[in-house]
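Understanding the architecture of this molecule
Letter by letter, the chains look like this.
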Amino acid sequence: MTRRAWENRSALPGRRELAGFAAVGLLAYAVDLALFTCLRGPARLDPLTAKALSFLAACSVAYAGNALGTYRNTRAKGLRPYAVFFAVNLAGAAVQLLCLAVSHYGLGLTSQRADTVSGAVVGMALATVLRFWGTRTWVFRAEGRVGSWTG
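Presented here is an overview of the structure given in this document. (Residues numbered from 1 in each chain as written. Predicted model: local features only at pLDDT ≥ 70, side-chain atom pairs only at ≥ 80, totals over all residues. Heavy atoms only, no water.)

Quick word on the environment of Pro-81
On the secondary structure map, Pro-81 appears in helix 4 (residues 79–106). Pro-81 gets classed as buried once you look at its relative accessible area, which sits at 9%. For Pro-81, the contacting residues outside a window of four places in its chain are Tyr-63, Ala-76 and Val-139. (Helix = DSSP H or I, 4+ residues; strand = E, 2+ residues; numbered from the N terminus. Buried < 20%, exposed > 50% of the residue type's maximum accessible area, 1.4 Å probe, protein only. Contact = heavy atoms within 4.5 Å.)

Right under this line is the structure:
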């Protein structure tokens, strides 16, 4: 660890931050899955509408959970942080879709298992790293944390 990083250890995510982010993410995932299933099943909405609504609900739950829990000591207030959070989550969704597209169409791995691994495992892992970094850097930035944008 460099001297500057050692002096400012808040630049590194702590266990609490990682655990809080993961817990909120799991809750948001459950909301996304449950709402999508209900909207596709009993509500009989088309898949894109159902997914868009479940994604919006899950983003709202994740933002609220992070704002009230994981990052409650930061100064993120108002509509702007939510808009940035939503944009970070859209970027994460794009990463998942890109992984699926590369695997399915680019590499020709077209089985259901390959689609699941590329989209829901590899894509989700990369998207989670992006979401965590974007959330702590642009949405819930802390004063003095190296790597946080304070502009």
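Points about a nonpolar patch on the surface
The grouping of Leu-98, Val-102, Leu-107 and Leu-109 at the surface amounts to a nonpolar patch, some 390 Å² of accessible area in total. In this fold, Val-102 is placed in helix 4. (Patch = residues over 30% accessible without salt bridge, like charges linked within 9 Å, V, L, I, M, F, W, Y side chains within 5 Å. Areas by Shrake-Rupley, 256 points an atom, 1.4 Å probe, with all protein chains shown as cover. Salt bridge = Lys/Arg side-chain N within 4 Å of Asp/Glu carboxyl O.)

A word on the packing of helix 4 against helix 5 (residues 112–139)
Close contact between helix 4 and helix 5 brings their axes to 8 Å; oriented N to C, the two are set at 155°. Between helix 4 and helix 5, the angle is such that the two are roughly antiparallel. Handedness of the helix 4/helix 5 crossing: right-handed. Looking at the contact of helix 4 with helix 5 residue by residue, the class counts come to 17 nonpolar, ten polar and two charged. (Axes fitted to C-alpha atoms, helices over the stretch in contact; angles between N-to-C directions. Parallel < 35°, antiparallel > 145°, perpendicular 65-115°, else oblique. Left-handed = near helix turned anticlockwise from the far one by under 90°. Nonpolar A, V, L, I, M, F, W, Y, C, P; charged D, E, K, R; others polar.)

Quick word on the packing of helix 2 (residues 15–40) against helix 3 (residues 47–70)
The relative placement of two packed helices is expressed as an angle between their axes plus a distance between the axes. One way to put it is that helix 2 packs onto helix 3 with a least axis distance of 8 Å and a crossing angle of 155°. One element, helix 2, and the other, helix 3, form an angle in the roughly antiparallel class. Considering only the axes of helix 2 and helix 3, their crossing is right-handed. Looking at the contact of helix 2 with helix 3 residue by residue, the classes come out as 16 nonpolar, five polar and four charged.

Focus on the nonpolar core
Core analysis: the biggest nonpolar cluster contains 17 residues, and Ala-62, Tyr-63, Tyr-71, Phe-85, Val-139 and Phe-140 have the highest contact counts within it. Secondary-structure elements contributing two or more residues to this core are helix 2, helix 3, helix 4 and helix 5. It is helix 3 that provides the largest number of residues to this core, a total of five residues. In contact with Tyr-71, not counting residues within four places along its chain, are Glu-17, Phe-21, Asn-66, Phe-132, Thr-135, Arg-136 and Phe-140. (Core = buried A, V, L, I, M, F, W, Y, C linked by side-chain atoms within 4.5 Å.)

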